[in-house]
Amino acid sequence: MNQNSDRELDEIVRIARAAASVVMEVYATPFTVEMKGPGDPVTRADREANALICRALEAAFPGEAILAEESVPAGEELAARLQRERVFFVDPLDGTREFADRNGEFAVMIGLAERGRASLGVVLMPTSGEALAGRVDAGLAFVEAKDGSRRPLRVSPVRPPADATLIVSRSHRPAFVEPLLARLGISRVVPCGSVGVKIARIATGEADLYVHGGGGAKLWDGCAPEAVLRAAGGQFTDLSGAAIDYAGPGLKLARGIIASNGALQGAAIAAARSELG
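In what follows, the accompanying structure is described. Keep in mind it's a predicted model, so treat the numbers as computed, not measured. Every residue gets a number counted from 1 within its own chain, in the order that chain's sequence is written. Given that the model is predicted, a residue must reach a pLDDT of at least 70 before its local features are reported, and side-chain atom pairs must reach 80 or more before they are shown or counted; all residues, however, enter totals for whole chains, interfaces and linings. Where side-chain values are given, they derive from all heavy atoms of the structure, hydrogens and water being excluded.

1. Examining the side chain of Asn-50
Thinking step 1. In DSSP terms, a helix is any run of H or I states spanning at least four residues, a strand is any run of E spanning at least two, and both are numbered starting from the N terminus. By the element assignment, Asn-50 lies in helix 2 (residues 44-60).
Thinking step 2. With sequence-adjacent residues up to four places away left out, Asn-50 is seen in contact with Ala-68, Glu-69, Glu-70, Ser-71 and Pro-92. Residues count as neighbours in contact if any of their non-hydrogen atoms are within 4.5 Å of one another.

Structure follows, in structure tokens:
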């Protein structure tokens, strides 16, 4: 499959671009930040982009299941959607804290899971207009610039852990990161907001490894970035090395994340197991 033949992926890029326009319209104005819960901010941009994406997905893919961060159904309906063969996972504004801080580290993310596995994803950075897109089973991964031009997406070839760059959360750095760094011999550490932006930097070869302890991340934080990264040649698992199950039963990525260029995955998993016991 070539870069121009995936109509489904192209449509999701188009939807993400429309949502990014809404996000940037709000970004250019004075806006308020509300709290859905402790450490869980939300803005008008989150809600408006959420509504746009859901409407567009419903129109483009009638009858498909959608789980979006700002419109999660309750109880039995949530469980029923998670069990559908195809489920779209939507994070309309990944990195709301960074959006509020106006540091540019936020993304619009739309992922598709099929039979519980991430299969397709788009991670779009509104400030630059770059959209990273990937379909796992085709090994199709590209970056689409704001002007519509595309280039292939590929992870770095870095193999020795001591040569790797670890990208970590700006605001939720796990306690085990420091001993993990020592165990792997990593000295280059880059802080960054938004799971999507972090994974985008691994998919483009700017960084090599990301480790997340599991606190706060949900399925919509993982689906699109995982699909993009794996399509670009990387790997994305929980801390034990198991695949992420997007069929639930819950929404939390409670067992954490290890994402890498692939070559570093085994060493990172082994180090995490040693640190966490």
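2. Topic: helix 7 (residues 219-231)
Thinking step 1. A helix is expected to reach a length of 1.5 Å times the quantity of its residues less one. Over its 13 residues, helix 7 extends 18 Å from the first C-alpha to the last, a length consistent with the 18 Å expected when each residue adds 1.5 Å.
Thinking step 2. Accessibility here uses a 1.4 Å probe with only protein chains present; expressed as a share of the type maximum, an area under 20% marks a residue as buried, one over 50% as exposed, and anything in between as partly exposed. Across the 13 residues that make up helix 7, a large majority, 12, are buried.
Thinking step 3. Burial in helix 7 covers these residues: Leu-219, Trp-220, Asp-221, Gly-222, Cys-223, Ala-224, Pro-225, Glu-226, Ala-227, Val-228, Leu-229 and Ala-231.

3. Things to note about the sheet that holds strand 3 (residues 65-68)
Thinking step 1. Overall, mixed pairing links the 7 strands, which are arranged 3-4-5-6-7-8-9 in an open sheet. For this open sheet the edge positions go to strand 3 and strand 9 (150-152), each flanked by a neighbour on one side alone. The mean angle between the axes of side-by-side strands here comes to 20 degrees, regardless of whether they run parallel or antiparallel.
Thinking step 2. For helices, the axis comes from a line fit to the C-alpha atoms of the stretch in contact; other axes are also lines fit to C-alpha atoms, and the angle between any two N-to-C directions lies between 0 and 180 degrees. The strands that helix 6 (residues 195-203) touches are strand 4 (86-94), strand 5 (107-114), strand 6 (117-125) and strand 7 (130-135); relative to strand 6, the one it contacts most, it runs at about 100 degrees.
Thinking step 3. Contacting strand 3, strand 4, strand 5, strand 6, strand 7 and strand 8 (140-144), helix 7 crosses the sheet at an angle of about 95 degrees to strand 6. Strands pair, by our definition, only if DSSP identifies at least two bridges between them.

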